[in-house]
Amino acid sequence: PSSSSFTNTATVTGRSLDVDSSLTRSYTANSSLSIPIVATSITKTAAQSTLTIGQRGSWTMTVGIPANVTLYDSIVTDAMPDGFNLAELTIDSVSCTGTWASCPTAASLTPLAPSGTGNRTIGWLLGDVASSATARTLVITYSATATDIAGNTAGTVRQNRAYVKWNTTKAATPPTSSGATMGQTAQSALIGVTIVEPALRMTKGVSDTTPDPGQTFTYTVTATNDGRAANLSAAHTRAHLLRAVYE
């Protein structure tokens, strides 16, 4: 289960007399004991805190499975926000720690049918994860490109979170959709990536605003990017007559 503890309460009741009487009093005492449970969990991180249009972003989800816990029909999902090209989303790496009968690979993770608003929730089927005497982790890194849509403007924060879902008993058929309803669910915190864009300024100066005929003077052009841009370049259009000549 995904709860953090099991609590058991014992109750004892008694009476002051063993016969029914108007003078009989009732007494009750309780005692509770909580046993902490290490729950299956998932965390998510982003490799980049900012992305510009056309740049590829990378995220990593880490599933933590406690010792002596079996997950049936398990899946991992991510409710990806708008502004990323899911058609070219790829799994970049998969790794495991602890004892696994067989660590999943990028090739063995079965893609689930997307779900949610705009079919933005993607996911993969892990299947049954057998119990192990040691705690285990599964780490999946995947990436997608920020797209050129109207909503991807400077300062926009694209947030999403990851989920791991599983059953405590085997279902008749494994889930095929990222929106499948499962018996247990754990979710990560929201992770945000901020969209950035170029913010260009240019200034131009001249060494002498009143040159004499035949005099050489100098232009200075300064380009500044207060935002973010790749391959910044500047062009300067010269006047046809840079030197005045007396008749």
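These numbers come from a predicted model, not from an experiment. For every chain, the first residue of the written sequence is number 1, and numbering continues from 1 along that sequence. Local features in a predicted model are, by the rule used here, given only for residues with pLDDT of at least 70; side-chain atom pairs are given and counted only at 80 or more, and totals for whole chains, interfaces and linings are based on all residues. Side-chain metrics in this entry use all non-hydrogen atoms of the structure; hydrogen atoms and water are not considered.

**A few points about the layout of surface pockets**
At step 1: Cavities and pockets are found on a 1 Å grid laid over the protein atoms alone: a cavity is a set of points where a 1.4 Å probe fits but cannot escape, a pocket is an open set with protein on both sides within 12 Å along at least five of seven lines, and a lining residue has an atom within 4 Å of such a point. Grid points are joined across faces, edges and corners, and a volume is the space filled by probe spheres set on the points. For the largest pocket, the calculated volume is near 220 Å³.
At step 2: Lining the largest pocket we find 16 residues, and of these W100, S102, P104, D128 and V129 sit closest to its centre.
At step 3: Elements are defined by DSSP. Helices are runs of H or I of four residues or more, strands are runs of E of two residues or more, and each kind is numbered from the N terminus. Looking at the lining of the largest pocket, the element that brings in the most residues is strand β9 (residues 121-129), giving four residues.
At step 4: Each residue is assigned to one of three groups, with Ala, Val, Leu, Ile, Met, Phe, Trp, Tyr, Cys and Pro labelled nonpolar, Asp, Glu, Lys and Arg labelled charged, and all others, Gly among them, labelled polar. Residue composition of the lining of the largest pocket, by class: nine nonpolar, five polar and two charged.

**Quick word on the sheet that holds strand β12 (residues 162-167)**
At step 1: Taken together, five strands build an open sheet; the order of strands is β8-β9-β6-β12-β13 and the sheet is antiparallel. Two strands close off the open sheet at either side, each with one partner strand: β8 (110-111) and β13 (184-187).
At step 2: Pairing between strands is defined by DSSP: at least two bridges between them are needed. Sheet topology places strand β6 (residues 71-79) next to β12; five bridges connect them, and they run antiparallel. Directly across from Y72, in β12, lies its bridge partner N167.

**Describing the side chain of S115**
At step 1: Within the secondary structure layout, S115 lies in the loop between β8 and β9.
At step 2: Here a polar contact means two N or O atoms within 3.5 Å. Within protein one must be a hydrogen donor candidate and the other an acceptor candidate, and residues neighboring in sequence count only if both atoms are side-chain atoms. In this structure the side chain of S115 is engaged in a polar contact, spanning 3.1 Å, whose partner is the backbone nitrogen of G179.
At step 3: With residues up to four places along the chain from it excluded, the contact list for S115 reads R120, T121, S177, S178 and G179. We call two residues contacting when some pair of their heavy atoms lies within 4.5 Å.

**Some words on the confidence of the model for the protein chain**
At step 1: Every residue carries a pLDDT, the predictor's confidence in it, which falls somewhere between 0 and 100. Per-residue confidence for the protein chain gives a mean pLDDT of 87; residues scoring 70 or more make up 88%.
At step 2: Note that pLDDT drops below 50 for residues 240-247; the model gives that stretch seven contacts with residues more than four away or on any other chain.

**Side note on the state of the cysteines**
At step 1: Two cysteine sulfurs form a disulfide in these notes if their separation is within 2.5 Å. The full count for this structure, using the stated rule, is one disulfide.
At step 2: The disulfide partner of C96 is C103, and the S-S distance across this bridge is 2.0 Å. Classification of the bridge connecting C96 and C103 rests on its S-S torsion, roughly 85 degrees, and on that basis the disulfide is right-handed.
At step 3: Only protein chains enter the calculation, and the probe is 1.4 Å; a residue is then buried if its accessible area is under 20% of its type maximum, exposed if over 50%, and partly exposed in between. With a relative accessible area of 24%, C96 lands in the partly exposed category.

**Comments concerning a nonpolar patch on the surface**
At step 1: Each patch is built from residues lacking any salt bridge and having more than 30% relative accessible area; the joining distance is 9 Å for like charges and 5 Å for nonpolar side chains (Val, Leu, Ile, Met, Phe, Trp, Tyr). Under the convention used here, a 1.4 Å probe and the Shrake-Rupley method define accessible areas, while residue burial counts only the protein chains that appear. Any carboxyl oxygen of Asp or Glu within 4 Å of a side-chain nitrogen of Lys or Arg constitutes a salt bridge here. Taken together, F6, L33 and I35 make up a surface patch of nonpolar side chains, about 320 Å² in accessible area.
At step 2: Of note, F6 is situated in strand β1 (residues 5-15).

**Describing the pairing of strand β10 (residues 136-145)**
At step 1: Most of β10 sits inside the fold, with eight of its 10 residues counted as buried.
At step 2: In the sheet, strand β5 (residues 56-65) pairs with β10 via 10 bridges, with the strands oriented antiparallel. Residue pairing for β10: W59 is matched across the bridge by Y142.
At step 3: Here strand β7 (residues 90-97) pairs with β10 via seven bridges, running antiparallel. When the bridges of β10 are listed, I91 appears paired with Y142.

**Brief notes about the environment of V38**
At step 1: Relative to the elements of secondary structure, V38 occurs in the loop between β2 (26-36) and β3 (41-46).
At step 2: On the basis of relative accessible area, V38 is assigned to the exposed category, the value being 62%.
At step 3: Along the backbone, V38 and G64 are 26 residues apart, and their C-alpha atoms lie at a distance of 9.7 Å.

**Some details on the environment of F84**
At step 1: One can find F84 in the loop between β6 and β7.
At step 2: A sequence separation of 61 residues divides F84 from T145, and the C-alpha atoms of the two residues are 5.4 Å apart.
At step 3: Aside from chain neighbours lying at most four places away, what touches F84 is L51, W59, R120, A144, T145, A146, T147 and R158.

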